[in-house]
Every structure is written in C-alpha cells, then in structure tokens.
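Survey of secondary and tertiary structure
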Amino acid sequence: MAVNGIIEIHNLSFFRGNRAIFKDIDVSIAAGKITVIMGPSGTGKTTLLRLIGGQLQPHRGEVQLFGENIAQLNRKQLNQLRGRMGVLFQSGALFTDLTVFENVAFPLREHTQLNDMQLHDRVLLKLEAVGLRGARDLMPSHLSGGMARRVALARAVALEPEIILYDEPFAGQDPIAMAVLQRLIKDLNDEMRLTSVLVSHDIAEACAIADRIILLGEGRVLAHDTPEALQTSTDPAVRQFMHGEADGVIPFHFPAPPLAEELLCDHASVADNRGGLQ
Amino acid sequence: MINLVSALGGQLLQRLALLGQALLMLLQSLRVLPGKHGLSRLIQQLYVVGVQSLIIMLVSALFIGMVLGLQGYTLLSAYGSEQAVGQMVALTLVRELSPVVAALLFAGRAGSALTAEIGLMKATEQLASLEMFGVDPLHRIVAPRFLAGLICLPLLVAIFSLVGIYGGHIVAVDWLGVYSGSYWGNMQQAVDFGEDVINGMIKALVFAFVVSWIALYQGYSCVPTSQGISAATTRTVVYSSLAILGFDFILTALMFGGA
Amino acid sequence: MHKRWIEISVGLMLVAGVVALLSLALQVSGGHLTRSADRYPIDALFENAAGLAPKAQVTLAGVTVGEVVAVVIDPQTLMAKVKMQINGEVNYLSIDSSASILTAGLLGEKYVGLTVGAEDEVLVAGDMIEDTQSALVLEELIGQFLLNLGDSN
Ligand SMILES: Nc1ncnc2c1ncn2[C@@H]1O[C@H](COP(=O)(O)OP(=O)(O)OP(=O)(O)O)[C@@H](O)[C@H]1O
Ligand SMILES: [Mg+2]
C-alpha cells in the first residue's frame, strides 16, 4: 500500500482496560490540509492525538509519521521527529514556572540555534498573533483560561512545525478570539503549507475551517470526508451528529448496564456509593 | 494458608516490581549528562531544595544543641564530670542526631514539596508537553532535583552539627559555667574526624539519596488528581521517615556496632 | 535580579556547608584527620587487665600518647597481654618504663598510664613493658576491706 498521507494509521486498536477505544481503524491525513476530528465526548479524540504524537503506544496496528513507523524509532529519532511537530494540549499545559515569554520561547530554545535578538522577535510575533504581546511578562497562573490557551497555541506554532495537533483550540474563547484563532490557524496552514489536525466540538466552526472532517464514534471512523459531503450525508449516525440531534443512533451515554436494571437493583449497594465529595 | 502465602508472595512481587520501576526511573534520569543549561537548572533546584530548607535546619539545630547541653550537664554533673558535656553534645550530634533529624526535616520540607510539584506538573500535562517538545522529563525535571538533594543534605547536616554544637556551648558554657577550654578540649579528644564526622556524612549522603529518590518517584508515578497528589505527598513523608530510621540503624550497626 | 539573588544565596549556602565541614574537621575533632598514621606497637603484660578495652587511651603524664588495640591472654604466662599503639613522635619511652591500669574517676573508664624510667635506651616497635601494675578490681578491694573489718573485730 502506497504511503500518501503525512500521517498514516493502519489497523490501529487501542484499549483502556478491557474497553476498546479504537477497533482496527485506518486513517490517512493528507499533507497541507486542515483536518478536523469530531465526535462525541469521550470517544477518544484526545487519545488519537496522543497516539499520533507517540505518547501512547497502540496495542495493535501502527502509526506512521512522515512515512516512518513511530513505534520503531529510538528515543533520539522520536525526539527529532517531535521537533517537526507542534501540540496544543487540551488543558494548555503551560510551564507554570516560566513566564509567558519563556513558555513561547521554550521550543525555540530547545530546537533552534536562534540568537537572543531573533528569538525575542519571533516570540513577540507569535504572541502578537494571538493578541497577547502585552502579557509577555505574566506568569501562567495570572492568565485566564482562554488567555492561557492562546499562549499555548502561540507556543505550539512557535517552531513553525510541519504538523500541528490542536486539542480543542477554540474551547473557552469569546467570539472575537474564536474568529482570530480560526484565521490564525487557517493562515498558518495556507502560508507555511502546514498540516493541521484539530479536535473540535463546534460543527459550524469546524465546517468553516476544515478541508476534511473525521467523525469518530464507537471506536470506529464513522466518516472521513469534506464538510460539504458530511453535511449532505445520508448515513444516520453522521446526520445525527452533524445536525446535533439528541435522539438517534449515536449513544450519548458512557457504556453502562440498562437504566431499568440499575434502578431496580438492591438498594444495599447504594449506601456504599455515598461519600465521595464531602 | 496457601491463600495467605500466595497473597504475601503477590504483595512481595508487586513491591519488587515497584522498586524496579523506581530504579529504572532513576537510572534513566541520570543516563545523560546535563545539557547546556544544566548548571543553571541545578542552581535553581539547589535554591529550592537547600536554601529554602536552611532556616528550619538552623533553628532546629540550635534548639537541639541547647537541649543536649542542658540534659548533658544535668546528667554528667551527677558524676562530677560536667566538663565532658562538649564531647557528649558533639558525638550525639555528629554521629546520630544531625543526619537523622536533618534528613527527617528535609523529607518534610523539601521531599514533600518535590512530590507535590512533580505530581502537579503531571496532572497539568506539563510533563507530557515536555515530552512532545522532544525533551525527556526525567532528564529535565527529575535529574537536577535529585542531584540537588544529593548535594544539599550532606552540607545541611554539616551546618546542623556545627550550629548544634554552638547551641550546646551557649547553654553549657555561657549559662551553666562549664569551662570553655574543657568544652572544646574534651570534644576534640573524643571526636575523631574519620570515624565520627565522615561516618555522619556517609549517613547524610545515604539519607539524601533515599529521600530524594522516594520523593521524586512518588511525584512521577502519582495518580494525577488532587487526591492522588495528596496521597503521594503523604507517602513521601511516611516512607522517607521509615527509610531514614531503618537505614540509620543498619548504618550505625555497620559503622559503630561490633569491635 | 531575582536570578542573581538565587545564585548568590546558593553560593553562600555551599560555602557555609563547606566551612561547617572544615570546622567539624578542625575545631570539633581537633584535626585528628587520621588515627593510624605513624605509630608503633608496644605490648605490656599485666596480672589482671579487668575492665580495659580496645580503644582505651594510653597516657603519659596525663597526656594521650596512644591507644589500646587489643587485650589478649598470653598462653605462656597466662597473664593479660595488652597491645598498644604509641604515636610516632613519642619516641622517648625508656626501656624501664612502667605501665599501670588506671581509672578515670571512681567509676570511669580504664586507661593505661605510662611512667618513664631512668635508662637511656628507649622502647622500639614490638618491645614489651615488664614493670606493670594491674587494674584495681573494686570487688576484691571491698572483699579485702570487709575481711580486715572482720579481723579487727
Ligand atoms: N488515563 C486513562 N485511564 C483510563 N481511561 C482513560 C484514560 N484517559 C482516557 N480514558 C478513557 O478513554 C476514553 C477516551 O478519552 P479521550 O480523552 O480521548 O476523549 P475525548 O474524545 O478527547 O473526549 P473530550 O471531547 O471530552 O475531550 C474516555 O472514555 C476515557 O474514559
Ligand atoms: Mg479530549
């Protein structure tokens, strides 16, 4: 099989305990495109990003980046490869002991030989792009959630990597910031020919920005197509998700025994469940 | 009966596996030499682990020395040999109390802070994000903290001993009137550098190793939630204290026990 | 500025630690850097060495000049043979020196006290002191005292 995508996933299975998060999925992500991963909460979107980043090892199957199977790389090669990749974590994950400026400078200090002047300019440009140049001397604990996420975004793109993985970049942003970030991601992608993979819940915004949408559900890839194709799809699961219908074939609930069974169970075990938060 | 034995065996195997994991973490973190900013990171940690523990060490050492001076004087004057109080204070401190008390304080002050810090870094995905920048968190985060612990505690123990001896001096000589010459003279007669001071330092080094290792491993392997971190911090203090007292007995038996 | 303070305070702490270690070496242990450098062995035979243990001090005119390394039985004479190490610079112990086992205070430690004799020739490594006075054994003393008390009644 010819390798054509910059990220190739073959026959991948991944388990948490006995629960299969992914069952034999195949995904091919094309270079230079914006691919949005969508799916109900808890289906494994973050997990998929971690598998791509090599932080989790698949139980079966393989992940190829730039045509190399990452499971077969040694630590040094993997670190080199990660220098060509930027990641925005769902929680931002700023380094709490560094200032905003130093956070954005971190990947540059690690992977480039820029002198102080060049580094300074580069960091300020990135911060300007997310509208936080004025916050450069603040510590992460003094930022709001949305600001922290924007700093993390600036940090993820600071190296101008070839692949960027964004885990919910728009969560917690006001409409203006959202529009700015959308444009930023799109501009980065168009100007530098980056490959962007981003996780999002917002259908309108995903359709606006995406070249391709991957819809995950129940451990499988439900659909992988252009936004237009998905919006006109006749597949019931795709329709349900794309149009935000509460009732349909996609289960909203975390796997559990039927409700009636639990409600009718013996009440002795209920007492055991008290406690928790006090 | 068989169930009991197999449960015990299972427990033992589990403990051994944990120990192996902890050992692996340590070896991996120390595998590579520090990089270009290694020194400044080490200095940062020496500050956090050492300088910030200094005050509590100084105060404790002073009080312990004063108590030893007072107790020693009362005890020894019953035999008319209160001039030996210097020797008693010095030997007690140098051989036992300084390494043990300083290490216990160190576990409570610096060890618990290390565990909480690393646990929180894990919970906020900072360790994961280091990894994604191609930086090994063991090397970047764990190694400088471990080295700082290893360097600081022996020095803190030396300071502890000296301050304690001066504390004893304040009580015995300045307050109770023991002749200063016999305070120092008896001490110099009795304390041997190789046998007492160096052995005390060896204890300090062993304790430093054990406490830093426990603290870092607990942080690194904790469950990344608020309960997980608080449980790991508690474990650090409890395990470190037990390990300090246990190793102290073994080392004392090896160094001073027997002929 | 914050960074400078960190560096300075860390430097001060390291210096303080090393100074503390040095003063432990010099002031507290009185510069006894090594115990076994340049010493020579001397033996002495005692009738009774009760209470004398290895590491006990060997003194001359109240000044420590060495230490006991072993107390063993001499198979020929069935007396206690006390092996001592004398500091090298104490090279003026005449061959007719005498040794006695003394007690520091009433219940204190036993130690060996040396007294120099009149001869010009000095003791060298491996020599034996002949003129010795044994340890006082408190129980024997008390026994004698009681016996005398009984006699005089
Ligand atoms: N460390 C873990 N241990 C056990 N199970 C886990 C762990 N992390 C995640 N899971 C499980 O894996 C599943 C997928 O998690 P993941 O974080 O990938 O979801 P997600 O699709 O990113 O959801 P969201 O949109 O809410 O962020 C979840 O159902 C979760 O219960
Ligand atoms: Mg997620």
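Before reading further, recall that the structure is shown in the block above.
Here we summarise the structure given alongside this text. (Residues numbered from 1 in each chain as written. Chains lettered and ligands numbered in written order. Predicted model: local features only at pLDDT ≥ 70, side-chain atom pairs only at ≥ 80, totals over all residues. Heavy atoms only, no water.)

What to know about the overall build of chain C
From N to C terminus, chain C includes 2 helices and 8 strands. For chain C, the α and β elements follow one another from N to C terminus as α-β-β-β-β-β-β-β-β-α. Relative to a compact globule of 153 residues, whose C-alpha radius of gyration would be 15 Å, chain C shows 23 Å and is clearly more extended. Along the first, second and third principal axes, the C-alpha atoms of chain C reach 90 × 45 × 30 Å. Placing the 8 positive and 18 negative side-chain charges of chain C at their respective mean positions leaves the two points 22 Å apart. (Helix = DSSP H or I, 4+ residues; strand = E, 2+ residues; numbered from the N terminus. Rg over C-alpha atoms; globule rule 2.2 N^0.38 Å. Lys, Arg positive; Asp, Glu negative; His and termini not counted. Charge placed at Lys NZ, Arg CZ, Asp CG, Glu CD.)

What to know about the coordination of the magnesium ion (ligand 2)
Residues and elements named next belong to chain A. Within the protein, the atoms that donate to the magnesium ion (ligand 2) are Thr46 (OG1) and Gln90 (OE1), at distances of 1.9 to 2.3 Å. Here the residue threonine 46 occupies a position in helix α1 (residues 45-53), and glutamine 90 occupies one in the loop between β6 (85-88) and α3 (100-111), the gap between them amounting to 44 residues. On the basis of relative accessibility, which here comes to 25%, the residue threonine 46 falls in the partly exposed class. On the accessibility criterion, glutamine 90 (33% relative accessible area) is partly exposed. (Donors = N, O, S within 2.8 Å, 3.2 Å for Na, K, Ca; no water. Buried < 20%, exposed > 50% of the residue type's maximum accessible area, 1.4 Å probe, protein only.)

Points about the pairing of strand β9 (residues 212-217) of chain A
Residues and elements named next belong to chain A. Among the 6 residues of β9, 5 are classified as buried, and the element is accordingly described as predominantly covered. In terms of strand pairing, strand β3 (residues 34-38) meets β9 through 4 bridges, oriented parallel. Across the sheet, residue isoleucine 37 finds its bridge partner in β9, namely isoleucine 214. Examined bridge by bridge, β9 and strand β10 (residues 220-225) share 5 bridges and lie antiparallel to one another. Within β10, the position partnered with leucine 215 by the bridge is alanine 223. Two successive antiparallel strands, β9 and β10, enclose a turn made up of 2 residues, where glutamate 218 displays a positive phi of approximately 50°. (Pairing = 2+ DSSP bridges.)

Considerations on the interface of chain C and chain B
Accessible area lost when the parts come together is the quantity often used to give the size of an interface. Counting residues at the interface gives 27 residues for chain C, matched by 31 residues for chain B. In total, chain C and chain B occlude about 2400 Å² of area from one another, counting both sides; carbon and sulfur atoms represent 71% of this. Counting the contacts that link chain C with chain B gives 0 salt bridges. Here chain C and chain B share 3 residue pairs in polar contact (both at pLDDT 80 or more) between them. For the side of chain C that touches chain B, the leading source of residues is helix α1 (residues 2-28) of chain C, giving 19 residues. Of the residues belonging to the side of chain C that touches chain B, the class tally is 14 nonpolar, 9 polar and 4 charged. (Contact = heavy atoms within 4.5 Å. Buried area = accessible area lost by both parts, 1.4 Å probe. Salt bridge = Lys/Arg side-chain N within 4 Å of Asp/Glu carboxyl O. Polar contact = N/O pair within 3.5 Å; in protein donor to acceptor, adjacent residues only side chain to side chain. Nonpolar A, V, L, I, M, F, W, Y, C, P; charged D, E, K, R; others polar.)

Regarding the sheet that holds β6(A)
The strands making up a sheet associate through hydrogen bonds between their backbones, and the pairing can be parallel or antiparallel. All names here are of chain A. Spatial ordering of the open sheet is given by β6-β7-β8-β3-β9-β10, a layout of 6 strands whose pairing is mixed. Two strands lie at the open edges of the sheet, namely β6 and β10, each paired on one side alone. When strand polarity is set aside, the average angle formed by the axes of neighbouring strands in this sheet is 15°. The sheet contacts of helix α5 (residues 145-157) involve β6 and β7 (163-167), and relative to β6 the element is tilted by about 175°. (Axes fitted to C-alpha atoms, helices over the stretch in contact; angles between N-to-C directions.)

A word on the sheet that holds strand β4 (residues 60-65) of chain A
Residues and elements named next belong to chain A. Spatial ordering of the open sheet is given by β2-β1-β4-β5, a layout of 4 strands whose pairing is antiparallel. The sheet is open, and its two edges are formed by β2 (19-29) and β5 (68-69), each paired on a single side. Summarising the sheet, strand β1 (residues 7-16) and β2 pair through 7 bridges and their orientation is antiparallel. Note that in β2 the partner of isoleucine 7 across the bridge is isoleucine 29. Of the strands in this sheet, β1, β2 and β4 touch α1, which is tilted by about 120° from β1.

Some words on the side chain of A:Thr35
Its place among the elements puts A:Thr35 in strand β3. Setting aside its immediate chain neighbours within four residues, A:Thr35 contacts A:Ile29, A:Ser196, A:Val197, A:Leu198, A:Arg212 and A:Ile214.

Describing helix α5 (residues 137-175) of chain B
All names here are of chain B. Under the 1.5 Å per step criterion, the end-to-end length of α5 is 53 Å for 39 residues, consistent within 8% with the ideal 57 Å. The largest bend along α5 measures about 30° and falls at alanine 143, with the proline proline 144 one to four residues further on. Across the 39 residues that make up α5, a large majority, 30, are buried. The N-terminus of α5 is capped by aspartate 136, whose side-chain oxygen sits 3.0 Å from the backbone nitrogen of leucine 138. Positive phi shows up at glycine 177, right after α5, with a value of about 85°. (Expected span 1.5 Å × (residues − 1). Bend = angle between axes of the 7 residues up to and from the residue.)

Structural notes on the pairing of strand β5 (residues 98-103) of chain C
All names here are of chain C. Sheet analysis places β5 next to strand β6 (residues 110-115), joined by 6 bridges and oriented antiparallel. When the sheet's bridge partners are listed, isoleucine 101 is paired in β6 with valine 112. Of the pairings in the sheet, the one linking β5 to strand β8 (residues 131-133) comprises 3 bridges and is parallel in character. Pairing of serine 100 across the sheet is with glutamine 133, part of β8.

Thoughts on the site of ligand 1
All names here are of chain A. Within the structure, ligand 1 sits among 14 residues, and Arg19, Ser41, Lys45, Thr46 and Thr47 are positioned closest to it. Measuring from an oxygen atom of ligand 1, one finds a side-chain N or O atom of arginine 19 at 2.7 Å. In isolation ligand 1 has 630 Å² of accessible area, and contact with the protein removes 64% of it. Breaking the shell around ligand 1 down by element, the ones donating at least two residues are β2 and α1. (Near = heavy atom within 4 Å. Areas by Shrake-Rupley, 256 points an atom, 1.4 Å probe, with all protein chains shown as cover.)

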